[in-house]
Amino acid sequence: MSRAVLAILSTENLLHNLAVIKQQAPQANVIAMVKANAYGHGLRSVSLRLEKHVASVGVASVDEALELRKAGVKIPITLMEGVFEPNELLIASCQQFHVVFHSMHQITWLESCSSLPLPLVAWLKIDTGMGRLGLQGDEVSQGYKRLIAKKESIASVGLMSHLACADEKEHPLNQEQFKTFKDCTEHLPGQKSICNSAALFSFPEHQYDTIRPGLALYGVNPCATGTAADLGLKPVMTLQTRLIAIRWCKKNTTLGYGARFVCPEDMPVGVIAVGYGDGYPRSAQDGTPILVNGVRCQLIGRVSMDMITIDLRTYPLAQVHDEVVLWGTGLPLEEVARHTSNSPYDILTSVQLRVKFHWTQFKNS
């Protein structure tokens, strides 16, 4: 029998989450974020399931976008970091990628192009407080004018920004960024977009024309507190494995690297076939919840590359080959993450290629 680590991915839950998101913003277009291998869920698989239901999918690079075109994705693909070198503008034009322009040098590259085969749908990114990418102050109107001046190369110009603290609803920077975005854009025509997943639920009054959900699509609560169920979301990924050994350990037996856990009494200990080599967070502490046949047990001892030891005192009837759930259905990833130094974002994007993926209920809907 092959190693038992398996990611079960639900098409039904993915489309359910998209429906919940659309209910939150019924008038807005959706750019579905599928960058970073669709947050660990599979770039091509997720995009093919979403393409009939969203206006565009968002990626980080031309490489990701070309992979989607090769897979047969036909809807617009938005390059969220724009182009990294001038020749990518030609690729974007030929492939009908939408392009984010976040700096003056990218606009200069466009101006240096004699012509493009097809005009680009452009987004001008504004730095309203993230401090990362985007034009600021007077640059915004200057950049906008330069883009629309290239009439033969630009079909339309939208305006977007990104929130730094959307997951903390009361953080004062949120309102500062909303004000800055409004001040920069209220006199400029075009589609506008500032809401990510967290802002979509926390600030519905700022949804504008286009929303850019990411984490919420995959059934994880994007806010600092709560679970996906609080927002009506369902986990797309359930990571599971099986018990490969059960041992009876005497009091004072130490478990794993660093001897971090010391058995407080004679107790049953299970060994499961998953570890940080599969993407499970190495920072998980003793007490991190794990399900065995639906029964809550706890991680004990340091996570190894390929194995984890668990406390079976809450489930003494456990047997070798029993099913184990690490997160997903019945065990919210948000809860698991709280026992680690990781966030749901980096846990999901850390899932490794040796984990087998199995999608359910794909009817090309």
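Look up: the structure comes first, before these words.
The following refers to the structure shown. Quick caveat, the model's predicted, so the values are computed rather than measured.

Some points on helix α8 (residues 172-185)
Reasoning step 1: If you check α8, its first and last C-alpha atoms are 21 Å apart, about what 14 residues at 1.5 Å a residue would give, namely 20 Å.
Reasoning step 2: Structurally, α8 contributes buried residues whose contacts are with β7 (154-160) and β8 (192-193).

Let's talk about helix α6 (residues 104-112)
Reasoning step 1: Considered for burial, the residues of α6 that qualify are Met104, Gln106, Ile107 and Leu110. Each buried residue of α6 lies within a common arc of 160° when the element is viewed along its axis, so the set occupies one face.
Reasoning step 2: Residues of α6 that are buried sit in contact with α5 (87-95), β5 (97-101), β6 (120-125), α7 (138-149) and β7.

Overview of the layout of surface pockets
Reasoning step 1: In this structure, the largest pocket spans a volume of roughly 870 Å³.
Reasoning step 2: Lining the largest pocket are 37 residues, with Tyr39, His162, Asn196, Leu215 and Tyr345 positioned closest to its centre.
Reasoning step 3: Put simply, the parts of the chain that give the lining of the largest pocket at least two residues each are α2 (35-40), α9 (197-202), α10 (333-337) and α11 (344-348).
Reasoning step 4: Among the elements that take part in the lining of the largest pocket, α2 stands out by supplying three residues, more than any other.
Reasoning step 5: Residues belonging to the lining of the largest pocket are distributed by class as follows: 19 nonpolar, ten polar and eight charged.

A look at the pattern of salt bridges
Reasoning step 1: Scanning all chains against the criterion turns up eleven salt bridges.
Reasoning step 2: A salt bridge links arginine 313 to glutamate 265; the nearest nitrogen and oxygen atoms lie 2.9 Å apart. Linking arginine 313 in the loop between β16 (308-311) and β17 (323-327) with glutamate 265 in the loop between β12 (261-262) and β13 (267-272), this pair joins segments that are 48 residues apart in sequence.
Reasoning step 3: Owing to a relative accessible area of 34%, arginine 313 belongs among the partly exposed residues under this scheme.
Reasoning step 4: Arginine 354 is paired through a salt bridge with aspartate 306; the nearest N and O atoms lie 2.6 Å apart.

Some words on the packing of aromatic side chains
Reasoning step 1: On inspection of all chains with the given rule, the structure shows five aromatic pairs.
Reasoning step 2: Ring centres of phenylalanine 181 and tyrosine 208 lie 5.3 Å apart, and the angle between their planes is 80°; on these two criteria the pair is classed as edge-to-face. In this pair, phenylalanine 181 sits in helix α8 while tyrosine 208 sits in the loop between α9 and β9 (210-211), placing the two residues 27 residues apart along the sequence.
Reasoning step 3: Residue tyrosine 208 is classed as partly exposed on the basis of its relative accessible area, which comes to 32%.
Reasoning step 4: Members of the aromatic cluster, connected to one another through ring pairs, are Tyr39, Tyr218 and Tyr345.

Description of empty space enclosed by the protein
Reasoning step 1: Within this structure, the stated rule accounts for one cavity of 30 Å³ or more.
Reasoning step 2: Considering the residues around the largest cavity, the lining is formed by Lys125, Ile126, Asp127, Thr128, Met130, Arg132, Leu133, Ser161 and His162.
Reasoning step 3: For the lining of the largest cavity, the class distribution of residues is three nonpolar, three polar and three charged.

Side note on the sheet that holds β7
Reasoning step 1: Spatially, eight strands are ordered β8-β7-β6-β5-β4-β3-β2-β9 in an open sheet, and the strand pairing comes out parallel. Both edges of this open sheet fall to β8 and β9, since each of them pairs with a single strand only.
Reasoning step 2: Of the pairings in the sheet, the one linking strand β4 (residues 77-79) to β5 comprises three bridges and is parallel in character. By the bridge assignment for β5, leucine 79 is matched with valine 99.

Conventions we followed
- Residues numbered from 1 in each chain as written.
- Predicted model: local features only at pLDDT ≥ 70, side-chain atom pairs only at ≥ 80, totals over all residues.
- Heavy atoms only, no water.
- Helix = DSSP H or I, 4+ residues; strand = E, 2+ residues; numbered from the N terminus.
- Expected span 1.5 Å × (residues − 1).
- Contact = heavy atoms within 4.5 Å.
- Buried < 20%, exposed > 50% of the residue type's maximum accessible area, 1.4 Å probe, protein only.
- Arc of directions from axis to C-beta.
- 1 Å grid on protein atoms, 1.4 Å probe; cavity = no way out; pocket = protein on both sides within 12 Å on 5 of 7 lines; lining within 4 Å.
- Points joined across faces, edges and corners; volume = space filled by probe spheres on them.
- Nonpolar A, V, L, I, M, F, W, Y, C, P; charged D, E, K, R; others polar.
- Salt bridge = Lys/Arg side-chain N within 4 Å of Asp/Glu carboxyl O.
- Phe/Tyr/Trp six-rings, centres within 6.5 Å; stacked < 30°, edge-to-face > 60°.
- Pairing = 2+ DSSP bridges.

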